[in-house]
Amino acid sequence: AQSVTQPDIHITVSEGASLELRCNYSYGATPYLFWYVQSPGQGLQLLLKYFSGDTLVQGIKGFEAEFKRSQSSFNLRKPSVHWSDAAEYFCAVASPSGSARQLTFGSGTQLTVLP
Amino acid sequence: SQTIHQWPATLVQPVGSPLSLECTVEGTSNPNLYWYRQAAGRGLQLLFYSVGIGQISSEVPQNLSASRPQDRQFILSSKKLLLSDSGFYLCAWRGEGAGELFFGEGSRLTVL
């Protein structure tokens, strides 16, 4: 069975500082990988996704993530955080095969941005 | 473009009362549909998914049920709510052949 671990429950950074959110997955092969962001009381918005090819993927809002097969990781990064980035971030994994292809989510990382 | 709608956005119900949350998708056909629950301070738990009309798969045994009476409509129900049913319920859809899910705005359920 696939699983996702986000080891950091809560991260605090200052505005303008760089950010890295960690994500490790467990899956027998290379899965589909995703990062979503959730503002309070809202649904989830897709930031970026990895299916295959270039292991560094660019997303919306200036985010990027790097797939590292050897480490089973898909960490999210942003060079300079803005106050509006404060939210909860979820990493997710899905099997590339099968018709249902449901996503399995990590438990999330809450990001606080200090002025 | 495709859109997804969930309602009601907020619901407060007494223990033992019934529940019906509705989700509809527009601008696509034959989507895969999903219900997730997000309890306070926790991640997302997949409850049900559907690959077609009348086809429902349950991931977690509970007193909730789901139905898909039309291609783009997905309903989450309960005959008798429990306190533990409180949470934030998210509906999502995925296009045929696609990888990512697109989520609705969620329905916040509080059971008292």
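The structure we're discussing is the one just above.
Below: a short report on this structure. Quantities reported herein were computed from a predicted structural model and do not represent experimental measurements.

### Re the overall build of chain B
And step 1. Broken down by element type, chain B carries 0 helices and 11 strands.
And step 2. Beginning at the N terminus, the succession of helices and strands in chain B can be written as β-β-β-β-β-β-β-β-β-β-β.
And step 3. Against the globule reference of 13 Å for 112 residues, chain B gives a C-alpha radius of gyration of 13 Å, in line with a compact fold.
And step 4. Counting only C-alpha atoms, chain B reaches 40 × 25 × 20 Å along its principal axes.
And step 5. Expressed as a percentage of its 112 residues, the buried residues of chain B come to 50%.
And step 6. Taking all contacts inside chain B whose residues are at least 6 apart in sequence as the whole, residues at least 24 apart take part in 53%.

### Comments concerning the pattern of salt bridges
And step 1. This structure, assessed with the given rule, holds 7 salt bridges over all chains.
And step 2. E100(B) is the partner of K49(A) in a salt bridge, and the nearest nitrogen-oxygen pair spans 2.7 Å. Remark: E100(B) occurs in the loop between β9 (87–94) and β10 (102–103) and K49(A) occurs in strand β6 (residues 44–50); the pair is interchain, linking two chains.
And step 3. E100(B) gets classed as buried once you look at its relative accessible area, which sits at 10%.
And step 4. A salt bridge links R68(B) to D71(B); the nearest nitrogen and oxygen atoms lie 3.2 Å apart.

### What about the side chain of S107(B)?
Residue and element names in this part refer to chain B.
And step 1. Tracing the backbone shows S107 in strand β11 (residues 107–111).
And step 2. A polar contact is formed between the side chain of S107 and the backbone oxygen of P8, at a distance of 2.7 Å.
And step 3. When near neighbours in sequence (up to four residues on either side) are disregarded, S107 contacts Q6, W7, P8, A9, L21, G87, F88 and Y89.

Cut-offs and rules
- Residues numbered from 1 in each chain as written.
- Chains lettered and ligands numbered in written order.
- Predicted model: local features only at pLDDT ≥ 70, side-chain atom pairs only at ≥ 80, totals over all residues.
- Heavy atoms only, no water.
- Helix = DSSP H or I, 4+ residues; strand = E, 2+ residues; numbered from the N terminus.
- Rg over C-alpha atoms; globule rule 2.2 N^0.38 Å.
- Buried < 20%, exposed > 50% of the residue type's maximum accessible area, 1.4 Å probe, protein only.
- Contact = heavy atoms within 4.5 Å.
- Salt bridge = Lys/Arg side-chain N within 4 Å of Asp/Glu carboxyl O.
- Polar contact = N/O pair within 3.5 Å; in protein donor to acceptor, adjacent residues only side chain to side chain.

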